[in-house]
Amino acid sequence: MTIDFAQSAQSTLGVEWELALVDRYNGELVSVANQVLRGVSANHPELQEDDEHPHIKQELLLNTVELVTGVCTTVAEAKEDLARSLAAVREVTDPMGVELFCAGSHPFSAPRSQQVTDRERYAKLIDRTQWWGQQMVIYGVHVHVGLDSRDKALPVVDGLVNYFPHFQALSASSPYWGGEDTGYASQRALMFQQLPTAGLPFHFDDWAAYESYVQDMSTTGVIDSVSEIRWDIRPVGNLGTVEMRVCDGLSTLRDVGAVAALTQCLVHEFSTTLDAGGAIPTMQPWHIQENKWRAARYGLDAIIILDAAGNEQLVTDHLVEVLNRLEPVAATLGCSAELADVEGILQRGAGYQRQRRIAQENDGDLRAVVLDMVEQLRA
């Protein structure tokens, strides 16, 4: 099998932001995505491509819409793109009494009560995965960054895997599931990996080994297309990008911009290292798996494994060092302000911490948690 890697300008980026649709008054999920998308199409017929808005998409569940940017040069440009799409959605949802929120999961709506979008690939996924597939009431932020060479893709994936716990801790926002506190900062991280081909990526020495893996998955019927490899971090050949899919849903455009900037800066740093003939270090798979679990469990309080030698550090302390190191890269890419917003998350706390605080202040009423996230997105 040959998997082409499209031409892409180095360090261009695109962002995908999954938003939940909820009742304005009680915070319950509402399955009205079809009505919302029809309304957007009616309001903006000039933007339609193949009967679909190019930047506002369907997702697995009818309680979700996804905002997708075009190819952007800067994080600021990506945020402006998302803001336009958000405004277009609100033109429709506001008169409907529907609000938008984003977190890794909904705190209390029953997962198995949510309606699935009527598309063959979604029906096939649910039929195959059964109970686990029916639990996927989860939301995330994905960041694509362009690479100017296919040979960089797999080393850059390896490099981003080293920072998996950093992204997970910053974005963790799914402590509640079905009305209960799971004790985890990110329930989504562990839920999503139950799907076939989801979870952490494998390490491959070269692109041919990756092609051989995809061929095996296709031959044995695990996948019908390469897009069904749902790793937390993956190469995307048809776009010429690597895609960071680690993050739980983020409640504000500012925080989306922060993780986009961190992703763009790291990828650019890795690319520069490879251009100079350097190598990107890897860790043992068991260290990587442990880091994922620690970040999902403890969030910003996770003590993470830094390298193959087993050195450890509090994730927030290491993040400060990383941010200082990346400042010149951010200046080159024009995202210094957005990278600085990562430190703002460290100072304010992550989404899971705020949700627990709001719940405590409201005697455990999780409706208040949802309505607070609605308000954050409004603000």
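Residues numbered from 1 in each chain as written. Predicted model: local features only at pLDDT ≥ 70, side-chain atom pairs only at ≥ 80, totals over all residues. Heavy atoms only, no water.

(A) Seen up close, the pattern of salt bridges. Throughout the structure, instances matching the rule amount to 20 salt bridges. In this structure, Asp-255 and Arg-348 form a salt bridge, with 2.8 Å as the shortest nitrogen-oxygen distance. Highlighted residues: Asp-255 in helix 8 (residues 253–275) and Arg-348 in helix 11 (residues 336–348), separated in sequence by 93 residues. With a relative accessible area of 44%, Arg-348 lands in the partly exposed category. (Salt bridge = Lys/Arg side-chain N within 4 Å of Asp/Glu carboxyl O. Helix = DSSP H or I, 4+ residues; strand = E, 2+ residues; numbered from the N terminus. Buried < 20%, exposed > 50% of the residue type's maximum accessible area, 1.4 Å probe, protein only.)

(B) Helix 11, seen in detail. The end-to-end C-alpha distance of helix 11, which contains 13 residues, comes to 19 Å, matching closely the 18 Å that a straight helix rising 1.5 Å per residue would cover. For helix 11, the full list of buried residues reads Glu-338, Leu-339, Val-342, Gly-344 and Ile-345. Where helix 11 is buried, its residues contact helix 2 (75–96), helix 5 (164–171), helix 8 and helix 10 (315–333). Immediately beyond the C-terminal end of helix 11, within one or two residues, lies Gly-349, with a positive phi of roughly 100°. (Expected span 1.5 Å × (residues − 1). Contact = heavy atoms within 4.5 Å.)

(C) Structural context of the pairing of strand 9 (residues 241–244). On strand 9, burial covers both faces: Thr-241 and Glu-243 on one face and Val-242 and Met-244 on the other are all buried. Across four bridges, the pairing between strand 5 (residues 141–146) and strand 9 is antiparallel. Within strand 9, the residue paired with Val-145 across the bridge is Val-242. Relative to strand 9, strand 8 (residues 233–236) runs antiparallel, the two sharing four bridges. When the bridges of strand 9 are listed, Pro-235 appears paired with Val-242. Counting the residues in the hairpin turn of strand 8 and strand 9 gives four residues, including Gly-240, whose phi is positive at 70°. (Pairing = 2+ DSSP bridges.)

(D) Region of interest: the side chain of Gln-135. Examined against the element boundaries, Gln-135 turns out to sit in the loop between helix 3 (120–133) and strand 5. Residue contacts for Gln-135: discarding those within four places in its chain leaves Pro-111, Arg-112, Trp-177 and Met-191.

(E) How the structure looks around unusual backbone geometry. Phi angles above zero are rare outside glycine, and Ser-11 is one such case at about 70°. Relative to the assigned elements, Ser-11 resides in the segment before strand 1 (13–23). According to the relative accessible area criterion, Ser-11 is buried, its value standing at 3%. One non-glycine residue, Gln-130, lies in the positive phi region at around 55°. Its place among the elements puts Gln-130 in helix 3.

(F) The arrangement of the packing of aromatic side chains in detail. This model, assessed by the stated rule, comprises 14 aromatic pairs. Where Phe-204 meets Tyr-210, the ring centres are 5.8 Å apart and the plane angle is 70°; that geometry is what we call edge-to-face. The same class applies to Phe-204 and to Tyr-210, which are both buried. The ring of Tyr-184 is capped by Arg-297, whose NZ or CZ atom sits 6.0 Å from the centre of that ring. (Phe/Tyr/Trp six-rings, centres within 6.5 Å; stacked < 30°, edge-to-face > 60°. Lys NZ or Arg CZ within 6 Å of the ring centre and 35° of its normal.)

(G) Structural context of helix 5. Among the eight residues that make up helix 5, eight are buried, leaving the element largely enclosed by the rest of the structure. Taken residue by residue, helix 5 has Phe-164, Pro-165, His-166, Phe-167, Gln-168, Ala-169, Leu-170 and Ser-171 as its buried positions.

(H) Geometry of the packing of helix 4 (residues 153–162) against helix 5. Running from amino to carboxyl end, helix 4 crosses helix 5 at an angle of 50°, the nearest separation of the two axes being 4 Å. Relative to helix 5, the element helix 4 is oriented oblique. Across the interface between the two elements, Leu-160, Val-161 and Asn-162 of helix 4 pack against Phe-164, Pro-165, His-166 and Phe-167 of helix 5. Of the residues contributing to the contact of helix 4 with helix 5, the split by class is five nonpolar, two polar and no charged. (Axes fitted to C-alpha atoms, helices over the stretch in contact; angles between N-to-C directions. Parallel < 35°, antiparallel > 145°, perpendicular 65-115°, else oblique. Nonpolar A, V, L, I, M, F, W, Y, C, P; charged D, E, K, R; others polar.)

(I) Inspection of the side chain of Asn-291 at higher detail. Inspection of the secondary structure puts Asn-291 in helix 9 (residues 285–298). Taking relative accessible area as the criterion, Asn-291 reaches 2% and is therefore assigned buried. Residue contacts for Asn-291: discarding those within four places in its chain leaves Pro-165, Met-283, Ile-304 and Ile-305.

(J) Main features of the environment of Met-191. By secondary structure assignment, the location of Met-191 is in helix 6 (residues 187–192). With residues up to four places along the chain from it excluded, the contact list for Met-191 reads Trp-132, Gln-135, Met-136 and Trp-177.

(K) Here's a closer look at the environment of Ala-20. Tracing the chain through its elements places Ala-20 in strand 1. Each C-alpha atom, one on Ala-20 and one on His-106, is 8.2 Å from the other, the two residues being 86 residues apart in sequence. Every residue in contact with Ala-20, bar those within four places of it in the chain, is listed here: Leu-29, Asn-63, Glu-99, Leu-100, Phe-101 and Tyr-139.

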